[in-house]
Each structure stands twice: as C-alpha cells, then as structure tokens.
Number of protein chains: 4
Amino acid sequence: MNIGFVGLGSMGLPMARNLLKAGHHLTVWNRTRSRADELRSLGAQVAESPGQASATGLIMSMLADDAAVQNAVSGEQGIFGALPKGGIHICLSTISTALSQQLTEAHQQRGQIYVAAPVFGRPEAAEGARLLVVVAGPPEAIERCRPLFEAIGRKLFIVGPEALKAHAVKLAGNFMISSMVETLGEAFAFLRKSEVDLAKFHEVVIGSLFQSPIYENYGRIVLEQKYEPAGFKLRLGLKDARLILEAAEAVAAPMPVASLVHDHLLSGVAKGQGEIDWSSTARVIAENAGLKS
Amino acid sequence: MNIGFVGLGSMGLPMARNLLKAGHHLTVWNRTRSRADELRSLGAQVAESPGQASATGLIMSMLADDAAVQNAVSGEQGIFGALPKGGIHICLSTISTALSQQLTEAHQQRGQIYVAAPVFGRPEAAEGARLLVVVAGPPEAIERCRPLFEAIGRKLFIVGPEALKAHAVKLAGNFMISSMVETLGEAFAFLRKSEVDLAKFHEVVIGSLFQSPIYENYGRIVLEQKYEPAGFKLRLGLKDARLILEAAEAVAAPMPVASLVHDHLLSGVAKGQGEIDWSSTARVIAENAGLKS
Amino acid sequence: MNIGFVGLGSMGLPMARNLLKAGHHLTVWNRTRSRADELRSLGAQVAESPGQASATGLIMSMLADDAAVQNAVSGEQGIFGALPKGGIHICLSTISTALSQQLTEAHQQRGQIYVAAPVFGRPEAAEGARLLVVVAGPPEAIERCRPLFEAIGRKLFIVGPEALKAHAVKLAGNFMISSMVETLGEAFAFLRKSEVDLAKFHEVVIGSLFQSPIYENYGRIVLEQKYEPAGFKLRLGLKDARLILEAAEAVAAPMPVASLVHDHLLSGVAKGQGEIDWSSTARVIAENAGLKS
Amino acid sequence: MNIGFVGLGSMGLPMARNLLKAGHHLTVWNRTRSRADELRSLGAQVAESPGQASATGLIMSMLADDAAVQNAVSGEQGIFGALPKGGIHICLSTISTALSQQLTEAHQQRGQIYVAAPVFGRPEAAEGARLLVVVAGPPEAIERCRPLFEAIGRKLFIVGPEALKAHAVKLAGNFMISSMVETLGEAFAFLRKSEVDLAKFHEVVIGSLFQSPIYENYGRIVLEQKYEPAGFKLRLGLKDARLILEAAEAVAAPMPVASLVHDHLLSGVAKGQGEIDWSSTARVIAENAGLKS
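Calculation rules
Throughout, residues of each chain are indexed from 1 in the direction in which the sequence is written. Written order decides the labels, with chains lettered from A and ligands numbered from 1. Since the coordinates come from a predicted model, pLDDT governs what is reported: local features require at least 70, and pairs of side-chain atoms require 80 or more to be given and counted, while whole-chain, interface and lining totals use all residues. No hydrogens and no water enter the side-chain calculation; it runs on all heavy atoms of the structure. Secondary structure elements are taken from DSSP: a helix is a run of H or I of four residues or more, a strand is a run of E of two residues or more, and numbering for both begins at the N terminus. When we talk radius of gyration, it's over C-alpha atoms, and the globule rule is simply 2.2 Å times the number of residues to the 0.38. A 1.4 Å probe rolled over the protein chains alone gives each residue an accessible area, and that area as a share of the maximum for its type sets the label: buried under 20%, exposed over 50%, partly exposed in between. Contacts were defined at the residue level, with two residues in contact if any of their heavy atoms lie within 4.5 Å. Here, Shrake-Rupley sampling with a 1.4 Å probe gives the accessible areas, and only protein chains in the shown set may cover a residue. Throughout this description, the term salt bridge denotes a Lys or Arg side-chain nitrogen within 4 Å of a carboxyl oxygen of Asp or Glu. The term buried area refers to how much accessible surface (probe radius 1.4 Å) is lost by two components on association, counted for both of them together. In protein, a polar contact means a hydrogen-donor-capable atom and an acceptor-capable atom, both N or O and within 3.5 Å, with residues adjacent in sequence counting only if both atoms are side-chain atoms; elsewhere, any N or O pair within 3.5 Å suffices. Classes in brief: Ala, Val, Leu, Ile, Met, Phe, Trp, Tyr, Cys and Pro nonpolar; Asp, Glu, Lys and Arg charged; the others, Gly included, polar. The least-squares superposition of copies is restricted to C-alpha atoms, and to residues with a pLDDT of at least 70 in both copies.

(A) Layout of the overall build of chain A. Looking only at helices and strands, chain A features 14 helices and 9 strands. Here the C-alpha radius of gyration of chain A, 20 Å, is about what a compact globule of 293 residues would show, namely 19 Å. Principal-axis analysis of the C-alpha atoms gives chain A an extent of 65 × 45 × 35 Å. Looking at chain A as a whole, 62% of its 293 residues are labelled buried. Within chain A, contacts between residues at least 6 apart in sequence are counted, and of these 65% link residues at least 24 apart. Summed over all atoms, the accessible surface of chain A reaches about 10,400 Å², with 50% contributed by carbon and sulfur.

(B) Expanded view of the pattern of salt bridges. In this structure the tally under the stated criterion is 52 salt bridges over all chains. One salt bridge in this structure joins Glu275 of chain A and Arg235 of chain A, with 2.6 Å as the shortest N-O distance. Taken together, the residues span a long stretch of sequence, with Glu275 of chain A in the loop between helix H13 (256–270) and helix H14 (281–288) and Arg235 of chain A in helix H12 (residues 234–250) at a distance of 40 residues. Residue class for Arg235 of chain A comes out partly exposed when judged on its relative accessible area of 39%. Measuring nitrogen to oxygen at the nearest pair gives 3.6 Å for the salt bridge that ties Arg220 of chain B to Glu216 of chain B. Highlighted residues: Arg220 of chain B and Glu216 of chain B, both in helix H11 (residues 213–224), separated by 4 residues, approximately one helical turn. Looking at Arg220 of chain B, the relative accessible area reads 38%, which means it is partly exposed. Here Glu216 of chain B falls in the partly exposed class, since its relative accessible area comes to 25%. Beyond isolated ion pairs, a larger network of salt bridges with shared partners links Arg33, Asp37, Arg40 and Glu48 of chain A.

(C) Summary view of the side chain of Ser49 of chain A. For Ser49 of chain A, the position within the fold is in the loop between strand S3 (45–46) and helix H3 (50–54). Residues contacting Ser49 of chain A, with those up to four places away along its chain left out, are Trp29 and Gln77 of chain A.

(D) Representation of the interface of chain C and chain B within the structure. Tallying the contact residues gives 9 residues for chain C and 9 residues for chain B. Summed over both sides, the interface between chain C and chain B buries roughly 580 Å², with carbon and sulfur atoms accounting for 39% of that surface. Interface area lost by chain C to chain B is led by Ala270, Lys271 and Asn288 of chain C, which between them contribute 65%. Across the chain C-chain B interface, the total number found is 0 salt bridges. Across the chain C-chain B interface, the total number found is 3 residue pairs in polar contact (both at pLDDT 80 or more). Looking at the side of chain C that touches chain B, the elements with two or more residues in it are helix H13 (256–270) and helix H14 (281–288) of chain C. The element best represented in the side of chain C that touches chain B is H14 of chain C, accounting for 3 residues. For the side of chain C that touches chain B, a count of residues per class yields 3 nonpolar, 3 polar and 3 charged.

(E) The arrangement of the relation of the copies chain C and chain B in detail. Overlay of chain C on chain B (RMSD 0.1 Å): rotation 180°, translation along the axis 0.0 Å. Viewed as a symmetry operation, the transformation between the two copies matches a two-fold axis. If distances are taken from each C-alpha of chain C to the rotation axis, the shortest is found for Asn288 of chain C, at 4.1 Å. A shared binding surface is used by both copies, with 100% of the interface residues of chain C retained as interface residues in chain B.

(F) Looking closely at the relation of the copies chain A and chain B. The transformation that overlays chain A on chain B combines an axial shift of 0.0 Å with a rotation of 180°, and the residual RMSD is 0.1 Å. Interface overlap between copies is the fraction of interface residues in one copy that are interface residues in the other; for chain A against chain B it reaches 100%, indicating a shared surface.

No statement about biological role is implied by the geometric values presented.
Here it is, written out as structure tokens:
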C-alpha cells in the first residue's frame with residue numbers, strides 16, 4: 001500500500017522500517033529530518049510536512065504526546081488540511097481519550113476517517129514486528145488497514161468502532177505495567193531492609209512464580225539500578241499516569257493505585273529523575289524506607 | 001524418612017499425601033481427626049496430639065495462622081515439649097516474621113532446630129507437588145530435609161540461615177499477588193465504565209502482554225464474578241495483608257500499595273465478603289465506581 | 001468607585017450587594033439576566049455583556065470555573081476586547097493556577113492589569129462581608145482596589161506581585177478544608193462502627209479540642225446527613241481537587257491526601273452524589289465500612 | 001481521696017501534682033524512682049511497686065504504652081494482685097482498644113472495677129489542669145471518681161459504660177490531629193514549591209480561616225522546623241497510628257488517611273526521625289517534593 005508515516009522516534013522508526021520491508025510504499029516525515037533521511041536507502045520518500053505525507057490518502061502517526069499530535073493535524077501543512085476525503089488517519093500514539101474523541105469528530109467533519117491503533121511493546125518489540133496493536137474505528141477501515149497492522153505487530157486486538165476505546169485499553173495496560181513496577185519497588189525495599197538477597201529473590205520467586213516479562217525485565221533494571229539509558233523516561237511515565245487518571249475521571253472510576261503511582265512518579269520528577277527510566281520510582285520508594293541507592 | 005505432620009487442611013493434606021507417595025513414613029495429626037484418618041489407607045499413622053507426632057524427631061506443620069501454630073507448639077501435648085533434642089521443626093505455614101523469630105529462639109533454647117519453609121501455590125499445585133518452597137534455617141538441617149522439600153515442590157529457594165527471612169519472602173510474594181489483583185480490579189472497573197469488552201481485554205491484553213498466570217487466573221474469576229467457592233478466602237487475604245504490614249513496620253519499610261490493598265480487603269470484610277474469594281475486592285472497587293456487581 | 005461586576009451566583013450576588021452598600025457604582029452582568037435585575041433596585045446598572053461592564057475600566061469577575069472565566073474574557077463582547085488600556089480585571093473566582101498565569105500574560109499584552117483575588121468563605125460569609133480575600137498582582141493596582149476588598153471582606157492577605165500565587169493559596173486552603181472533611185468522615189465511620197455516640201463526640205471532642213468552625217459545621221452536616229440543599233456541590237469539590245492536583249503537578253509537589261480526597265469525591269460522583277453537598281464523601285467512606293447511610 | 005498513682009512521665013507528673021493540690025492523698029510509684037521522690041515535698045508517699053500503690057483501693061495509671069500497662073498490672077507486685085475487691089483502676093494511658101477490653105475482663109474476674117479515662121492535651125495542658133478527660137466504665141464508679149477528673153481536667157466527656165470506647169474516642173481524636181499535621185505538611189510543601197511566603201500563609205489563612213490551635217501550633221513548629229525538643233515523639237505517633245488502624249480493623253472500618261499517615265510516620269522512623277517531634281513528617285513530605293529541609 002501507498003502510505004504516509006509521521007513520527008520517526010525510537011518506536012516510529014522501526015515500525016516504518018517494518019512497513020517498508022513488508023513491501024509498502026512510504027512517504028515519511030519527521031520533525032528532525034535526519035531520521036527521515038535514514039529511511040531513504042530503504043526506498044522511502046521524504047515529505048516536507050505531515051500534510052505532504054497525507055496526500056497518499058492513508059497516514060499513520062506515531063508521535064510523543066497530545067501536543068505533538070495536535071501540531072501534526074492542525075496548521076497549514078497539517079493532516080486535517082491535506083488528507084483527501086475518504087482518507088484514513090491511523091493514530092498509533094498513546095494519547096488522551098479526550099483527544100482521541102476530538103480527532104474522531106474532527107476527521108468526520110472533514111469526511112475523513114480516524115482509526116486509533118496504539119501499540120504495546122518497547123523499541124525491541126517494534127524492531128522485531130512483535131507489537132501488540134490495539135485497534136478501534138470503523139470496521140471497514142480497520143479491515144483495509146489490516147496488512148499494515150500485521151506488518152508491525154504479532155497480534156491485533158480489535159476493540160470496536162469507537163476509536164477512543166482503543167486508547168482506553170492502551171492506558172489501562174500501561175497502568176497495569178506501572179502498578180507492577182510500583183509493586184516491585186515496594187517488595188524490593190521491604191526485602192532489602194529485611195536483608196534478603198534480592199538477586200536470588202528475583203531469580204527464584206519472580207522467575208518461577210510470576211512468569212511475567214514485566215517483572216523479569218523491570219526486576220533486573222531495579223536490581224542493578226541501571227536507570228540509564230532510559231528505556232522509557234520517567235517524565236513520560238508521569239504523562240501516562242496523568243492520562244489514565246483523566247480518562248478515569250471522565251468515566252467516574254476511581255483508581256487509587258493509579259493515583260499513588262502518579263504521586264511517586266511526580267516525586268521522581270521532583271528529585272530530578274525525569275530523564276532516567278521510570279522504574280526509578282523504586283529509588284523514591286527505597287529512599288522513603290531510609291535506603292540510599 | 002520418619003516424620004510427623006500436623007495440619008491437614010486444603011494445603012496440608014495433599015502435601016502429606018505426596019510425602020507418603022515419595023516413600024516417607026508419616027505420623028499425622030489434625031484438629032479434626034477425620035481428615036487424619038483419610039491418610040491411614042495410604043500407610044500413615046494417626047497421632048493424638050502434635051506432641052505425639054513430634055516423637056519422630058522431625059515434625060512438619062502446615063497450619064492456618066499464628067494462633068494455630070502457637071497452639072500446636074505450646075501446651076502439654078505440644079511440639080516444644082515432645083520434640084527430642086536435635087529434632088527439627090519445619091514450619092510450612094504462612095506466619096508472621098515475628099512469630100517465626102520467636103520459634104527460632106524457643107526451639108534453640110530447647111536444643112531443637114527450627115526451619116522455616118513456607119510455600120507458594122494453591123491447592124492444585126500442592127496436589128501436583130508443584131509448590132515453590134522457600135526455605136531458611138541452619139544449612140545442615142536444610143540439607144537433611146531436602147528430600148522432603150523435593151517431595152512436595154517443584155522448586156526450592158534457600159534464603160539463608162535466618163528462618164524469619166523465608167517468611168519475609170513469602171509475605172513479599174503474597175503482597176505482589178495481592179497488588180496484581182488490586183490492579184486488575186481497578187483496570188476492569190475503568191474499562192467497564194468505558195464500555196470496553198472485558199472478556200476480550202482479558203483474552204488479548206492479559207494473555208498476550210502480561211503472560212502471568214496470576215492475571216490469567218484472577219482475571220477469569222473477576223470477569224465471571226465467580227467468587228464462590230473461594231480459592232483463598234478474603235479474610236485470610238486480610239490476615240496476610242496485616243502480616244506484611246507488620247513485617248514491613250518492623251524493618252521500617254513503608255509499603256503504601258500494601259496499605260491500600262489492606263484497606264480494600266477490610267472493606268470487603270465490612271461488606272460481608274470475608275468467606276468468598278479475596279479477589280472480590282474487585283467488587284469493592286467496582287462499587288466505588290458506582291457499578292452494581 | 002465606578003466598577004463592573006460579572007457573575008452573580010450565590011457568592012457573587014451578595015458581594016455585589018456589599019459593594020453597592022459601600023457606595024460604589026456598579027454595572028453588573030450575569031448569564032441569567034434575572035439575577036442582574038435584582039440589583040437594579042439597589043442602584044446597579046445592568047450590562048448586556050461582560051465587555052459592556054468592563055467599559056468602567058475596572059471589572060470584577062466571580063464565575064464558576066475556568067471555562068466560565070474564559071468565556072467572559074474572550075469573544076466579541078468579552079473583557080479582553082472592552083477593558084481600556086490601564087484598566088484592571090480583578091478575578092475573584094477559584095480557577096487553575098495555569099489559567100491565572102494565562103490571564104496575567106493576556107492582559108499584559110493588551111496593556112491591561114490583572115489582579116487575582118480569590119476569596120475564602122461560604123455564601124453567609126459573603127452576605128456578611130466577612131470573606132477572607134487573598135490578593136496577588138501589581139502592588140499599585142492592589143492599593144487602588146483596596147476599598148473594594150474591604151467592602152466584601154473582613155481580612156486581606158496580600159501574597160505578592162505574581163497573580164497565580166493567590167490562586168495557589170486559595171487551592172491550598174480548599175485542600176485543607178477537603179482533607180478535614182475526609183478526616184471527619186473516617187473518624188465518624190470508625191466511631192459509628194465502635195458504637196460511640198457521634199453527637200456527643202461532636203459536641204465534646206470536636207467542640208472542645210479542635211475549636212475549628214470547619215469541624216463544627218461539617219461535623220453537624222455529616223452527623224445529620226443533611227447533604228441537601230448543598231452548601232457546596234460535590235462536583236465542584238471534585239473540580240477543586242483536580243485544580244490543586246494540577247497546580248501541585250506543575251510545581252512537582254506530590255500531595256497524596258489530595259489524591260485520596262479526589263478519589264473519594266470521584267466515587268461520590270460515580271454514586272450519583274454530584275449535586276449534593278461535598279461532605280457527602282462521608283457517605284462513600286461509611287459505605288466502604290459496610291454502613292448504610 | 002486516698003489514691004495511688006503510677007507513671008510520672010511528662011504527663012503523669014503534672015497530673016499527680018494537680019491531684020495533690022486539690023487536696024487528695026497520693027501514694028505514687030514510678031519506674032525511675034527519682035521522679036517519685038520529687039512529689040514527696042508536696043506530701044506524696046512513695047511506693048515500692050504498682051501493687052503497693054494500689055493498696056489504697058483506687059489506683060490511677062498514666063503509662064507510655066500497652067507493654068508498660070501490662071507490666072504494671074501483672075506480676076507479683078502488680079495492680080491485679082494488690083487492688084482490693086471493689087477497688088478501682090483508672091487507666092489514663094492511651095492504649096489499644098484490645099488491651100482496654102482485656103483489662104475490663106481481667107479486673108472483673110478479680111471483683112475489681114476498671115475505668116478507662118484517656119486524656120487529650122500536651123504537657124502544658126496537664127500542668128494547667130486543662131486536659132479533656134474521656135471516660136468510660138461503670139456509671140457509679142465514674143461518679144465516685146469525678147473529683148479526680150475535675151482536678152486534672154477542664155472538661156469531662158463520659159462515653160458510656162464500656163471502657164474500651166473511651167479509648168476508641170481517644171484514638172479517633174489523635175487520628176484527627178495526625179491527619180491535620182499531614183495536611184499541613186502537604187499544603188506547606190506545595191506552597192514552598194510555589195514560592196509563597198509560608199509565614200504569611202500561616203498568619204493569615206491558618207489564623208483566620210481555620211482558627212484551630214492544632215494548625216496554629218503545628219504550623220509554627222513546621223514553619224520553623226523546630227522539631228527538637230519533641231513535644232510528642234514521632235515513634236510514639238507511629239504507635240498511635242498503629243493503634244487506630246488495629247482498632248479500626250477490629251470493627252471493619254477502613255481508614256485510608258490513617259494508613260497514609262502511618263506510612264509517612266514509618267518513613268520518618270526509617271529516616272532517623274523517631275526521637276524528634278512527630279510533625280517532622282512534614283520533612284518526609286517535603287523531601288518527596290525534592291525539597292531539602
């Protein structure tokens with residue numbers, strides 16, 4: 001298929017590469033142009049603006065946050081203005097359910113189609129086309145785009161016709177991960193103060209009992225206190241915590257653990273940890289137990 | 001080996017059965033004698049008291065809580081009085097780190113040896129000898145008892161020489177499970193109010209993303225609201241929440257998620273859910289979101 | 001002085017009345033015009049728009065929330081367009097620190113002056129000109145407006161030149177009240193379940209020990225469960241809880257009690273209590289303790 | 001009246017002095033004898049044991065915690081053994097509701113009478129006989145002892161015939177204070193990071209709006225970070241937090257703010273603040289906001 005792709009960060013770049021490998025024709029745009037140029041050798045064309053990339057009639061966006069998405073859709077060279085009637089915008093970014101709903105309405109008013117398709121997985125999974133793609137939007141549009149989802153992911157979860165629900169699922173999943181990281185942090189602080197060998201605890205109990213890659217991976221990071229380079233920056237984790245709390249407030253569902261995780265992430269920012277891995281909330285928790293990291 | 005075994009509840013009975021199958025000679029005792037009699041046909045002898053079962057010189061106990069353990073060790077017919085010098089008491093129960101420490105000292109004063117060996121796993125895992133056994137105590141004693149641990153479990157985690165640390169690990173593991181159940185409850189309440197299909201969420205996201213039997217199993221229970229019969233009673237979950245908070249207070253490690261889970265379990269008891277499965281805290285959370293179960 | 005006044009709700013109306021009584025000339029505007037007409041007999045003139053009321057060169061606004069303030073300042077008939085250069089806008093409303101900062105900048109760009117002056121006190125206090133007025137903005141402007149503050153309040157707290165800080169103080173104060181209401185709710189639930197006579201507890205302990213009108217007044221409301229008519233609606237309490245959390249996030253200050261209060265207010269909304277008094281979070285707390293109200 | 005008095009700490013000593021001043025005859029006992037000797041010049045007799053002081057038939061105890069009370073009642077020279085039949089034990093200490101209930105039963109079995117009479121007030125209030133005395137127990141016994149309560153307090157709150165309820169009231173009151181200290185800490189951290197003048201905030205808002213001596217006094221301590229000498233030690237505050245949580249668990253009433261305060265006090269202990277004033281939780285909160293004290 002002939003598609004546009006905007007946003008070539010640590011997630012977007014490997015996704016675009018996998019789309020090219022799968023035989024699709026890409027017109028890519030990135031704020032920092034050099035990253036777009038990297039894809040030229042693989043056959044991609046480089047656009048001057050999100051709008052130019054949208055002329056293909058099918059545009060995928062993988063951007064950092066609500067503000068970046070709003071910039072890409074609005075303005076003279078934005079997606080809203082350039083996407084043809086009947087064209088599809090696939091939003092892969094993790095954004096607020098509120099913005100997802102606004103995009104649904106704004107595209108509809110212009111005779112365009114909006115599909116929400118946030119993904120689960122870290123950069124390595126994006127590289128290996130092993131993402132879990134959560135999709136919501138008009139069924140026919142989803143079917144038309146299925147080959148694209150298959151090119152980037154190992155599994156597809158179709159939530160239904162209302163786009164914002166895919167983002168609700170994505171936020172719920174991220175919340176679950178963040179809660180597991182918090183849980184690890186509390187268990188580790190308790191066990192360190194109880195003078196239990198954490199490495200062994202990680203190996204035996206976490207490995208054997210929980211069998212979850214989340215505990216496996218974050219357990220290792222927290223154990224080694226290897227928060228740099230950040231796999232996912234703490235300040236972005238705080239953003240996601242805020243998004244789930246906003247989404248939960250919109251449907252009147254209290255989420256006390258999400259509030260608690262939010263407060264620990266905020267403490268992390270206050271302590272200067274915004275740019276290191278978000279699992280460094282474990283350090284906040286350890287300091288509250290009187291431990292020096 | 002020739003051993004005593006006291007406490008034949010839903011966990012103790014299958015454990016004793018596996019010890020018999022492995023060729024050990026058992027003298028068993030249970031408060032309700034009929035459960036002990038069940039083991040006669042498998043070759044077990046039935047004792048009149050914990051003390052009588054301890055005459056073997058090696059006694060394993062798998063009892064409900066601190067009070068039950070204290071009853072079994074103390075008194076005229078208790079373990080303290082009957083276990084020979086040099087004899088070993090293996091405590092398989094989930095008890096407080098404080099009691100575990102008291103038992104260490106009390107046995108030592110009597111020239112006896114205390115080994116803590118709490119286990120992870122539900123009754124099915126006990127039946128299949130697939131428990132994870134967490135052991136701490138004098139190394140030689142642990143080595144001597146290794147065949148017993150291998151008869152009941154699939155994996156052994158030796159924490160070190162201080163018995164109470166095995167219980168610290170057990171409490172930390174239980175806390176992690178309880179936190180995952182809380183997390184599920186919050187995610188589900190949010191998604192129900194967002195009108196997302198929970199069964200599909202469970203299938204795809206939980207199955208694919210988290211790959212943890214904890215989310216798999218409890219997800220199903222919460223989804224179907226099948227809290228009866230209880231796999232693990234809520235009031236016992238509350239007991240465990242109290243134990244981890246006490247243990248954490250003893251080493252000055254704040255655990256705010258543990259506090260929050262405790263409060264939801266307590267609310268469950270207040271609402272009459274003490275005898276149903278502890279994952280029914282999901283109902284407490286749902287009601288706080290205005291949902292009827 | 002010759003002033004405009006927009007927003008004649010349960011707080012704004014008595015404030016405007018007190019300004020008239022103090023001899024000032026008022027041009028008033030309200031979305032629902034009938035409330036403006038009530039002031040005619042006291043000598044007020046009625047404007048057709050916030051802009052028309054601003055022609056006086058000094059405009060006070062007392063509106064429900066951020067959205068209402070944004071409506072009043074923007075648009076063709078708004079304050080921004082109509083207030084003369086050098087004119088002053090006194091914002092009495094409880095709004096976000098973010099909007100307060102935006103208003104500072106927007107007025108400055110137009111050569112206008114913005115003074116933040118949120119007030120503490122319920123409608124009875126507004127009626128009796130006993131409000132506590134928290135002011136921040138350019139010192140000369142504050143001095144010029146001093147007679148107005150004295151006409152509505154019993155006490156003036158000048159925070160400094162940066163307007164948003166007055167709103168930070170207001171939000172902090174509201175948070176303190178909300179936390180006291182939460183505290184009352186928890187203490188009362190515990191004591192009801194302990195079968196202690198709450199009325200007596202309120203009379204003796206709260207009266208004698210705490211001597212705070214907050215506990216006195218809310219204690220009575222919660223005791224009698226007299227949540228209607230609402231002195232302050234729960235959904236507005238939720239709005240304030242959100243505002244303090246946003247302001248606290250902006251300066252990276254975790255406020256876990258504020259998060260907890262927010263979640264209980266959200267639960268109140270979920271349970272249909274949005275339009276009754278915000279102290280009905282005590283009912284949420286009581287239900288979590290298994291009590292029927 | 002002729003009475004015994006055990007426990008001459010910073011609270012007990014001034015209380016005993018006021019009883020002497022009111023004309024009562026005292027036989028006093030204290031673990032550290034020198035403090036008892038101080039009262040000799042005022043006419044008190046010094047006993048060798050709690051039991052000897054109980055021979056008067058009316059014994060008041062003002063001790064640090066559950067353990068100290070248990071020591072004083074039990075043993076050969078304890079109150080249980082020495083108090084005559086029909087004699088009264090007035091427990092002024094802040095103890096657990098569980099122990100208060102045990103004392104009720106234990107005294108009853110011995111034909112003795114137990115009256116719970118915990119007090120509100122700091123050492124200065126004890127000195128000035130301005131305590132608030134919360135009493136529960138058999139009505140006739142309370143009436144008989146009324147002159148004693150009047151000698152130490154300014155106000156009497158009779159809860160009813162069940163002794164443990166007086167302790168429930170005391171714990172609820174202490175919880176309310178601790179929650180106000182937490183609230184202050186959060187508001188101050190937020191305002192410090194918002195660069196608002198805290199001293200002025202304290203003067204105007206706390207003085208004027210809340211009018212509570214709790215905010216006045218603790219506000220000053222936190223503002224000046226004058227945590228030494230401790231008016232009330234943090235580790236004792238932690239003890240009280242544990243007592244209310246235990247009492248609340250016993251009646252199945254979740255108290256999430258109490259849990260949160262408990263966790264902050266525990267963090268204070270972990271950070272080495274156990275012996276300074278309990279309001280130094282404000283420092284824990286400030287550090288979580290990235291502030292150095």
